[in-house]
Amino acid sequence: MRLRALLFAGTALGCVAVASWHAADFAAAYIEEREKAYLRDILTAAGELWLEIEADGLLVTLNGIAPDEATRFGAVQMVQSVTNAARIIDKTSVFSDDPVDPPRFVLELLRNESEISLVGLVPLHDPSGSETIETILEALPKGESILKISQTIETSDQVSSENWLGALTFGLRVVSILSAAKVSVEPGFVSVTALVESADTKERIERKLTKERPPELQLHLEISVPRPIISPFTFSYHQDGSEVNVSSCSAENEHTLNSLDEALRQVTPEFAAAEVCDLGLGAPNEDWSKALLVGIAAVQSLGKGSFEVVDSEVVLTAHEDTKIEKFKAVASSLSAELPENYKIRSEVFEPVQMDASKKSERKTTSIVATLNENGELLLEGAFRDDTSRQAIMSYATATFAQHTITDETSLDSSLPDGWAVRVLAGLDALSLLSAGSATLSADSFLVEGQGTERNLRERIRDLIGDKIDGASISVSFDAEAASDEQMFEDELSAERPEVCIADIGAILKDQSIAFRPGSSHINPSSRGVIAAIADVLRNCPGSQVEVAGHTDSQGKEATNTLLSKARAEAVTEALQDWDLPLIIFRARGYGEDIPIADNGTAEGRRQNRRIEITLFSGAPVQEQAKRTSSNVNCENQVSLILSGKSIEFGVGDSTITPASQPLISELASALSSCGGTEFEIRGHTDNTGRSDVNRRISLERAEAVLSALREAGLAETVSLTARGYGAEMPIADNSTPDGRAQNRRIEMHASSGPDAESMSQQANTPETGATDTSNGYETDGQE
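Residues numbered from 1 in each chain as written. Predicted model: local features only at pLDDT ≥ 70, side-chain atom pairs only at ≥ 80, totals over all residues. Heavy atoms only, no water.

Asker: What is the right way to read the overall build of the protein chain from this model?
Answerer: In terms of helices and strands, the protein chain carries 21 helices and 28 strands. By the burial criterion, 43% of the 783 residues in the protein chain qualify as buried. Within the protein chain, contacts between residues at least 6 apart in sequence are counted, and of these 68% link residues at least 24 apart. About 39,400 Å² of surface is accessible on the protein chain, with carbon and sulfur atoms providing 51% of the total. (Helix = DSSP H or I, 4+ residues; strand = E, 2+ residues; numbered from the N terminus. Buried < 20%, exposed > 50% of the residue type's maximum accessible area, 1.4 Å probe, protein only. Contact = heavy atoms within 4.5 Å. Areas by Shrake-Rupley, 256 points an atom, 1.4 Å probe, with all protein chains shown as cover.)

See below:
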């Protein structure tokens, strides 16, 4: 009974508790709704309908996007004015119509020879819809030279700026050109840091990239050239009183250059080591600078003499006027002062004898080749057998083709093996001298003399290479002869415009400038031809260039004239776009008035439709006589006569052989019909031998042709001039016998009329084939 009473009491208390909890929950919900309603009424009255309110017990949460920050701040302050700020959770924000800033697309392309690495952030897709990474990998250079390509590229689906694709395409192009480079690509900007092997390559790459850069792209180039490895390291110092000459110089750093300046300016105040020294790697040891300074001091104490170093081999040479006692003392002192590992050899200088007065003193166990300043080569001594003598004399005749060669040798079968190799090496060395001698025996090899190259000693060592051990080379720089040669070079360079026009003629011979039929619009396929012509003209500042347009005879004459002029102007404008401010242009249209072929045939009309580029001197066009049909016929005859034929000369001289006289007579007869026309006869050689001698013999051969034509009865109404260009205008590779043979040639150029350089035919020496250097033609129809 008591237990039942207790259960009843517990049940009653539980009911009371539940009832109390429901009452409390109802009260809290009532308060939350009432507060929400109260705050909503206040905000509605204020017009802040964007703000949403949530109540959770005592906490009030604000949500919504305000039209601006001021509105958001005002509404929150309004709520805080009627509700404790500690109870408010502010989750409001401000509306913005600005798009999300696009990511910064940057791609780093690193190439180290056969390895390419890519790092950066790029758009997921390119404008064509392809994946950008795949596009990049497809554009990278391929082949056996590329062994590894690695990439750590992230992508973004954000759209790139319009300048991104152009920058990326150009950057990939740069990586395909340079084998050691870092290329940074950003929208509208490409930065290139690269290493190339030479200054010439650096200039060529910079010019190429600048030319290919899209107009809207900014390009930063930082291309450097590593210091070359110099081997051997050399220094050659000569002094004769107050006259100082450094014919070769290798320096490992700026410190050595400054030390040389300080030492040599005591004798020559204006001396600048940087102008004569090659800066590079390969010094034999860290004492190189010290060795040079003590050597210079030794020669300065003598007053006259020379100091030469090849790596660690030192030669001190005294002048013939130096007292032997003084020289020995200076040589001994130098030996003590030189750094360790430098070996010194001292010798008294004996001038090279240029005559044969000591011929009786020569031993038959040696060969002495003597070259004098008059172009005479004397060979004395002995050969092992007649076969080797004939072979070596043939080699000497080819090498010294412009010299008179005297053979005073005999035979000695006791000479050692390898004798012919030593003789050939001696002749090679002598070919680099303007005067000197090569004295050869079984156990010695001595080359003495003078030349016009500053690094003469090194050139000789490179030439004889490993063929001769223990060669002694005592040569000096002939400053006066070098100056005369430079003056000749300067005079030749003043005529550079003619060379440029000849080069342009060769370009147009192979690739014509084509237009759309009946218009002056240049075909896109001809952009490469325009670029090649611009490259040539860039090397000819100050040239006055006429761009001449020509048509065939079809259609109205007036229309043809206008079309030819419009095409000439289009080519002129295209060339000027390549930034040639130092070239003076004029465009002329000659219509159908100056044909070069028969307009009665399709092939003739094709040839007559052409663009020609020539030089002009500023004379009015009216003063330039148009070429008549007889001029055209004359030039065609000359071309026909010279095709496949040659004017033959004696080996090594300018005497025209009797076998060529019929060709001379035929040529003179054809030229006699060219009254009023000027022809220039040009002589050319290969690059074997000295450049000044090559120019001389090329001029002599051109003059010989001119004289022969006059003697054959050529009319005086045809003006002829002769000029020698030596080896300056090769048309083939001089490193091969066939190339050298092609470069030894005689050319004939018509040099009057508005298209003076358009006719360029040549007669050749027996070693060459005919070469046509005339201008090229358009390939399209004009209508």
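Asker: How should I be thinking about the pairing of strand 1 (residues 52-56) in this particular structure?
Answerer: Remark: a regular strand shows side chains that alternate across the two faces of the sheet. On strand 1, burial follows the alternation: Ile53 and Ala55 on one face are buried, whereas Glu52, Glu54 and Asp56 on the facing-out side are not. As paired strands, strand 1 and strand 2 (residues 59-66) are joined by five bridges and run antiparallel to one another. If you follow aspartate 56 over to strand 2, its bridge partner there is leucine 59. Between strand 1 and strand 2, which pair antiparallel and follow one another directly, the connecting turn spans two residues, one of which, glycine 57, has a positive phi of 65°. (Pairing = 2+ DSSP bridges.)

Asker: What should I look at first to understand unusual backbone geometry in this one?
Answerer: Residues apart from glycine generally show negative phi values, whereas peptide bonds are mostly found in trans. The phi angle at glutamate 113 is positive, at roughly 55°, despite the residue not being glycine. Mapped onto the fold, glutamate 113 is located in the loop between strand 4 (106-112) and strand 5 (115-123). Given a relative accessible area of 46%, glutamate 113 falls into the partly exposed group. In this model, asparagine 341 sits at a positive phi of 85°, which is unusual for a non-glycine residue. Within the secondary structure, asparagine 341 sits in the loop between helix 9 (324-337) and strand 15 (343-348).

Asker: What am I meant to see in the sheet that holds strand 23 (residues 584-589) here?
Answerer: The strands that make up a sheet are held in pairs by hydrogen bonds between backbone atoms, and each pair lies either parallel or antiparallel. The three strands are arranged 23-22-24 in an open sheet whose pairing can be described as mixed. Edge positions in the sheet fall to strand 23 and strand 24 (610-615), since each has one partner strand and no second. Averaged over all pairs of adjacent strands, the angle between their axes in this sheet comes to 20°, without regard to strand direction. With six bridges connecting them, strand 22 (residues 544-550) and strand 23 associate as parallel partners. (Axes fitted to C-alpha atoms, helices over the stretch in contact; angles between N-to-C directions.)

Asker: Quick question: what am I supposed to make of the confidence of the model for the protein chain here?
Answerer: Scored by pLDDT, the protein chain has a mean of 77; 81% of the residues are at 70 or more. Within the protein chain, the lowest mean pLDDT, 36, falls on strand 28 (residues 760-764), and the highest, 92, falls on strand 7 (residues 180-186). Overall, residues 349-364 carries pLDDT values under 50, and its contacts beyond four positions in sequence, including any with other chains, amount to 29 contacts. Low pLDDT (under 50) marks residues 619-630, which in the prediction has 21 contacts with non-local residues, meaning those over four places away or in another chain. (pLDDT = per-residue confidence, 0-100.)

Asker: For this particular structure, what's the right way to read the side chain of threonine 132?
Answerer: Mapped onto the secondary structure, threonine 132 falls in helix 3 (residues 132-139). In contact with threonine 132, not counting residues within four places along its chain, are Val122, Pro123, Leu124, His125, Asp126 and Leu168.

Asker: Please clarify how the pattern of salt bridges should be interpreted in this entry.
Answerer: Opposite charge on two side chains permits pairing when their charged atoms draw close. Under the counting rule described, the total for this entry stands at 18 salt bridges. A salt bridge links lysine 304 to aspartate 240, with the nearest nitrogen and oxygen atoms 3.7 Å apart. Of this pair, lysine 304 sits in strand 13 (residues 304-310) while aspartate 240 is found in strand 10 (residues 234-240), placing the two residues 64 residues apart along the sequence. Look at aspartate 240 and you get partly exposed, because its relative accessible area is 37%. Where aspartate 686 meets arginine 744, a salt bridge forms, and the shortest distance between an N and an O atom there is 2.6 Å. Taken together, the residues span a long stretch of sequence, with aspartate 686 in the loop between strand 25 (678-684) and helix 20 (691-711) and arginine 744 in the loop between helix 21 (737-743) and strand 27 (745-750) at a distance of 58 residues. Overlapping salt bridges bring together Arg173, Lys208 and Glu212 as one network. (Salt bridge = Lys/Arg side-chain N within 4 Å of Asp/Glu carboxyl O.)

Asker: Mind showing me how you'd approach the environment of glycine 305 here?
Answerer: Relative to the helices and strands, glycine 305 is located in strand 13. Under the relative-accessibility criterion, glycine 305 is labelled buried at 12%. Each C-alpha atom, one on glycine 305 and one on threonine 317, is 5.5 Å from the other, the two residues being twelve residues apart in sequence. Leaving out residues up to four positions away in the same chain, glycine 305 has contacts with Tyr237, His238, Gln239, Val299, Thr317 and His319.

Asker: Explain the nonpolar core to me, please; I cannot follow it from the model alone.
Answerer: Most often, soluble globular proteins keep nonpolar side chains buried together rather than apart. Grouped together as the largest cluster of nonpolar side chains are 33 residues, with contacts concentrated most on Phe235, Leu260, Phe307 and Leu316. Taken together, the elements giving at least two residues each to this core come down to strand 10, strand 11 (243-251), helix 6 (254-264), helix 8 (288-302), strand 13, strand 14 (313-318) and helix 9. When residues in this core are grouped by element, the largest group, eight residues, is from helix 8. In contact with phenylalanine 307, other than residues within four places in its own chain, are Phe235, Ser236, Tyr237, Ala291, Leu292, Gly295, Ile296, Val299, Val314, Val315 and Leu334. (Core = buried A, V, L, I, M, F, W, Y, C linked by side-chain atoms within 4.5 Å.)

Asker: I tried to follow the sheet that holds strand 18 (residues 404-411) on my own but got confused; where do I start?
Answerer: Read from one edge of the open sheet, six strands run 18-17-16-19-20-21, paired in mixed fashion. At either margin of the open sheet sits one strand with a lone partner, and together these are strand 18 and strand 21 (472-477). When strand polarity is set aside, the average angle formed by the axes of neighbouring strands in this sheet is 5°. Across five bridges, strand 16 (residues 367-371) lies against strand 19 (residues 435-440) in antiparallel orientation. Residue alanine 369 lies in a different strand from strand 19, and its bridge partner there is alanine 438. Contacting strand 16, strand 17 (376-383), strand 19 and strand 20 (445-451), helix 11 (residues 419-430) crosses the sheet at an angle of about 165° to strand 19. Along the sheet, helix 12 (residues 456-464) makes contact with strand 20 and strand 21, crossing strand 21 at roughly 140°.

Asker: Got a minute to help me understand empty space enclosed by the protein in this structure?
Answerer: One way to see where empty space is left: roll a probe the size of a water molecule over the atoms. Using the criterion set out here, one finds three cavities of 30 Å³ or more in the structure. What the largest cavity holds in volume is close to 50 Å³. What lines the largest cavity is simply Ser236, Ser247, Ser248, Glu308, Glu453, Arg454, Leu456, Arg457, Glu458, Val475, Ser476 and Phe477. Sorting the residues of the lining of the largest cavity by element identifies strand 11, helix 12 and strand 21 as the ones contributing at least two each. Among the residues forming the lining of the largest cavity, the class breakdown is three nonpolar, four polar and five charged. (1 Å grid on protein atoms, 1.4 Å probe; cavity = no way out; pocket = protein on both sides within 12 Å on 5 of 7 lines; lining within 4 Å. Points joined across faces, edges and corners; volume = space filled by probe spheres on them. Nonpolar A, V, L, I, M, F, W, Y, C, P; charged D, E, K, R; others polar.)

Asker: Can you walk me through the state of the cysteines in this structure?
Answerer: By definition, a disulfide links the sulfur atoms of two cysteine residues through a covalent bond. Applying the stated criterion across every chain, the model contains two disulfides. The disulfide bridge from cysteine 249 ends at cysteine 277, spanning 2.0 Å between sulfur atoms. Across the disulfide from cysteine 249 to cysteine 277, rotation about the S-S bond amounts to roughly 85°, and the bridge is consequently right-handed. Here cysteine 249 is found in strand 11, whereas its partner cysteine 277 is found in the loop between helix 7 (273-276) and strand 12 (278-279), with 28 residues between them in sequence. Take cysteine 277: its relative accessible area is 10%, and that puts it in the buried class. Two residues share a disulfide in this structure: cysteine 500 and cysteine 540, whose sulfurs sit 1.3 Å from each other. Of this pair, cysteine 500 sits in helix 14 (residues 496-510) while cysteine 540 sits in the loop between helix 15 (527-538) and strand 22, placing them 40 residues apart in sequence. (Disulfide = S-S within 2.5 Å.)

Asker: How should the packing of aromatic side chains be read in this particular structure?
Answerer: One pair of aromatic rings is described through two measures. These are the centre distance and the angle between the planes. If you walk through the whole model with that rule in mind, you get four aromatic pairs. Relative to tryptophan 164, the ring of phenylalanine 105 lies with its centre 5.9 Å away and its plane at 45°, an arrangement referred to as tilted. Taken as a pair, phenylalanine 105 in the loop between strand 3 (88-94) and strand 4 and tryptophan 164 in helix 4 (residues 164-177) lie far apart in primary sequence, 59 residues in all. Here phenylalanine 105 falls in the buried class, since its relative accessible area comes to 3%. For tryptophan 164, a relative accessible area of 3% translates into the label buried. (Phe/Tyr/Trp six-rings, centres within 6.5 Å; stacked < 30°, edge-to-face > 60°.)

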